[in-house]
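Inside the fold
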Amino acid sequence: MLKIKDNVDLKELEKYGFNNKYSNDYEKVIGYAKTIWCEIDTKTIWLEDSMSYFDRDDYIQPLIQDLIKADLVEKVGEIE
């Protein structure tokens with residue numbers, strides 16, 4: 001599982017297209033029926049989609065790589 005590092009202000013996610021429409025989460029809609037979420041309280045990142053694992057990689061991996069390069073995320077368990 002990935003999470004935003006504790007020392008990172010979640011407003012940084014807005015630079016990557018995330019928005020805070022809901023009080024408990026930041027979200028970014030990617031493609032059709034895909035949303036990547038960051039829960040505010042735990043800073044965990046999770047994916048909600050109706051696509052297969054292989055389709056998911058094409059859309060999600062570039063964003064995750066950008067967050068890693070910016071030193072915003074850390075691995076805290078197995079990636080689902």
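Everything numeric here is computed off the predicted structure, so don't read it as measured data. Once a new chain begins, its residue numbering starts again from 1 and follows that chain's sequence as written. Under the rules for a predicted model, residues below a pLDDT of 70 receive no local features and side-chain atom pairs below 80 are neither given nor counted, while totals for whole chains, interfaces and linings still include all residues. Side-chain measures here rest on the full set of heavy atoms in the structure, leaving out hydrogens and waters.

1. A short note on unusual backbone geometry
For residues other than glycine, phi is negative in most cases, and the peptide bonds are mostly trans. Despite not being glycine, Lys 43 has its phi angle at roughly 60 degrees, a positive value. For the purposes of this entry, the term helix denotes a DSSP run of H or I that reaches at least four residues, the term strand denotes a run of E that reaches at least two, and both are numbered from the N terminus. Tracing the chain through its elements places Lys 43 in the loop between strand E4 (34-39) and strand E5 (44-49).

2. Points about the packing of aromatic side chains
Only rings of Phe, Tyr and Trp enter the pairing, Trp through its six-membered ring, and a pair is recorded when the two centres are within 6.5 Å. The plane angle decides the type: under 30 degrees is stacked, over 60 is edge-to-face, the rest tilted. Overall, the coordinates contain one aromatic pair when judged by the stated rule. Ring geometry for Trp 37 against Trp 46: centres 5.5 Å apart, planes inclined by 15 degrees, an arrangement best described as stacked. On the accessibility criterion, Trp 46 (37% relative accessible area) is partly exposed. Partly exposed describes any residue whose relative accessible area lies between the buried limit of under 20% and the exposed limit of over 50%, with all areas from a 1.4 Å probe on protein chains only and scaled to the type maximum.

3. With respect to the pattern of salt bridges
A carboxyl oxygen of Asp or Glu within 4 Å of a side-chain nitrogen of Lys or Arg is what we treat as a salt bridge. Evaluation of the coordinates by the stated rule reveals five salt bridges. One salt bridge connects Lys 11 with Glu 14, and the closest N-O pair in it is separated by 3.8 Å. Looking at Glu 14, the relative accessible area reads 39%, which means it is partly exposed.

4. Let's talk about the environment of Leu 10
Along the polypeptide, Leu 10 turns up in the loop between strand E1 (2-4) and strand E2 (19-22). Classification of Leu 10 as buried rests on a relative accessible area of 8%. Along the sequence, Leu 10 and Asp 25 sit 15 residues apart, while their C-alpha atoms lie 9.9 Å from each other. Two residues form a contact once any of their heavy atoms are found within 4.5 Å. The contact partners of Leu 10, leaving out residues within four places of it in the chain, are Ile 4, Tyr 26, Cys 38, Ile 40 and Lys 43.

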